[in-house]
Every structure is written in structure tokens, then in C-alpha cells.
Amino acid sequence: MPVLHSSGDHAVHYFRDLTPKGAVQANQYAVVDSGEAMLLDPGGRLVFKRLLGEAGRAFPIGRLRAVFVSHQDPDVVAALPSWVLVAGDVRVYAPAAWTRFLPHMFSERPEWDFVVEVPDEGSEIPLGKVTLRAIPAHFLHSAANFSLYDPESKILFSGDVGASIIPPEEDSDFAGDFESHLRYMEGFHRRYMASSRACRRWVSLVRELDVEVIAPQHGAIIRGRDNVQRFLDWLEGLECGVDLL
Ligand code: FE
């Protein structure tokens, strides 16, 4: 299982090739700190078994304490009932505006105490000895949407922001030259991101953080401060969504 960051008791794992052909490629991530693990946007039923196997090589599944879902799309949440079942003692952090919809995925489990609502303004999420931060990313693309910042690794898990749709034969784990990577991002962002106002708001929040890596839910990972800055500059000026309606 590839490692994006490792220092002392802290590690970040990524899984980029678990999606079968015919479905949009999706990345999954795991943050492990001091023996406690969190899965981010663990994906749908299509990848559940494979991710369970791969994640199990990164940390004991019994140490899975948290699942963070950035928004409500099927490629993010569809396997939640299975994760809750295998993990047992786990909390699901989800945007507050979406939590009332999630019970529709479960056939049983009337007590809903394992869900932690992330309020619109964001929140701090403890894991092991670190505190991760949910950063508002509303309308990018979902009406209630969060990125997650890991101050230890300086990785921003950006959800659909920064996503790229890359043909399999051109795929690689990390974005290369930023100018040529743009063509894989542009169409997706123009169609799915709600508006330039929403983009600018997110960029201003992210500029307050110390970010070395932007790890999106789809496509290549954007690595290095220069590339991160180029991405923020590009997104800040992008016309998208209702701007183009
Ligand atoms: Fe989505």
C-alpha cells in the first residue's frame, strides 16, 4: 500500500487503483496516528472488499476509529454500512446538512450515535494524538462539502476540488507539469463546481493553511508548494457552474 507521508507515529496511505473499469476512478486515503486510523471518502460497494484488504495491510481494521465523508455522493458514502459493520467502534464524520439522508443506506441500526455532524463552519477532528481540521468546501461541488487538513503531514484532502479525470493510459499517481495537468481538471471543474464565488472562498481558507500536498478524491495527487500555489491561483480565477449557465 503506497505511503504519501510517514513520520514517527503518523502515516498517510493512498489507494488509487481499486476502482474497476466503467466507474469513475476514485482515490481512497487512510490517516494513521498513534495506532488509530481514519479512512477518508472510502467509496462505494464497488471498492469495499478491495479497500478492506488493502487498508488491512496498512493498519489493523480493529483500529479503524473514524470515517470522514466529504459529501454525499455514492463514490464517497455507498459502502458506509459495511464499514460500520466491520469496524465496530467507529465514528462517521459527515456534513451536518447531509446526515439526515444517510439512514436511507442502512437496513437496520436505528441508533444513530456513531455519526458526528460536521457543522457548516467546519470542526476539529481528533485522531490519535493529532487534530485534523474540516475546512468548508460548500458548493464544491456538493451543497454541504468539506476538505480535511492534516497539519502533521501538511496534506489537504480536498475531496472533489482538484480532481482530475485522466485516461488510464496516461494516469500516474502524481500530477506532472501543472500546465499540462490542467486539461484533466478543467472540464470537471467547469461542470461540477458551483460558482467562481465558491471557489474563491475555498482558496482564501486554504491560503491560511500550510499545504504541501493537495490530495483529491479523483485523479492525480498535486505535490509540492509551487504546484499547490499554481492550483490555487488557477481555481481562484476559474469560471464554472452557474457562471457559465
Ligand atoms: Fe462528488
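Everything below is about the structure shown above.
So, here's what we can say about the structure. (Residues numbered from 1 in each chain as written. Predicted model: local features only at pLDDT ≥ 70, side-chain atom pairs only at ≥ 80, totals over all residues. Heavy atoms only, no water.)

## Focus on the environment of Pro-95
Note the following rule: Only DSSP runs of H or I with at least four residues qualify as helices, and only runs of E with at least two residues qualify as strands; both kinds are numbered from the N terminus onward. The contact criterion used throughout is that any non-hydrogen atoms of two residues lie within 4.5 Å.
Relative to the elements of secondary structure, Pro-95 occurs in strand S6 (residues 91-95). Sequence spacing of Pro-95 and Glu-36 is 59 residues, and the spatial spacing of their C-alpha atoms is 22 Å. Other than its neighbours up to four places away in sequence, Pro-95 contacts Val-69, Ser-70, His-71, Val-118, Ala-144 and Phe-146.

## Quick word on the packing of helix H4 (residues 178-192) against helix H6 (residues 225-236)
Quick reminder of the rule: Here an axis means a line fitted to C-alpha atoms, over the contact stretch when the element is a helix, while the angle between two N-to-C directions is reported on a 0 to 180 degree scale. For this classification, under 35 degrees means roughly parallel, over 145 means roughly antiparallel, 65 to 115 means roughly perpendicular, and everything else is oblique. It is the rotation of the near helix from the far one that decides the hand of a crossing: anticlockwise by less than a right angle makes it left-handed, clockwise makes it right-handed.
Between H4 and H6, the least distance of the axes is 12 Å, while the angle of their chain directions is 40 degrees. By the angle between their axes, H4 is oblique relative to H6. Crossing hand, H4 versus H6: right-handed. For the pair H4 and H6, contact is made by Phe-178, Leu-182, Met-185, Glu-186 and His-189 and by Asn-227, Arg-230, Phe-231, Trp-234 and Leu-235, respectively.

## Quick word on the coordination of the iron ion
Condition: Metal coordination here is assigned from N, O and S atoms located within 2.8 Å of the ion, or within 3.2 Å for Na, K and Ca; omission of water means that sites may look incomplete. Square planar and octahedral assignments, for four and six donors respectively, both demand that opposite donors be over 155 degrees apart and that all other angles lie between 65 and 115; tetrahedral needs four donors with all angles between 85 and 135 degrees, and anything else is irregular. Only protein chains enter the calculation, and the probe is 1.4 Å; a residue is then buried if its accessible area is under 20% of its type maximum, exposed if over 50%, and partly exposed in between.
Those donors, His-71 (NE2), Asp-73 (OD), His-141 (NE2) and Asp-160 (OD), are the protein atoms that reach the iron ion, and they lie 2.1 to 2.3 Å from it. Of note is the iron ion, whose 4 donor atoms meet at the metal with angles of 81 to 162 degrees in an arrangement that counts as irregular. As a motif over one chain, the donors of the iron ion read H-x1-D-x67-H-x18-D. Pair noted here: Asp-73 is in the loop between strand S5 (64-68) and helix H2 (74-77) and His-141 is in the loop between strand S9 (130-136) and strand S10 (146-150), with a separation of 68 residues, a long-range link. Exposure class is identical for Asp-73 and His-141. Each is buried.

Take it as geometry only, folks, not as evidence of what the structure does.
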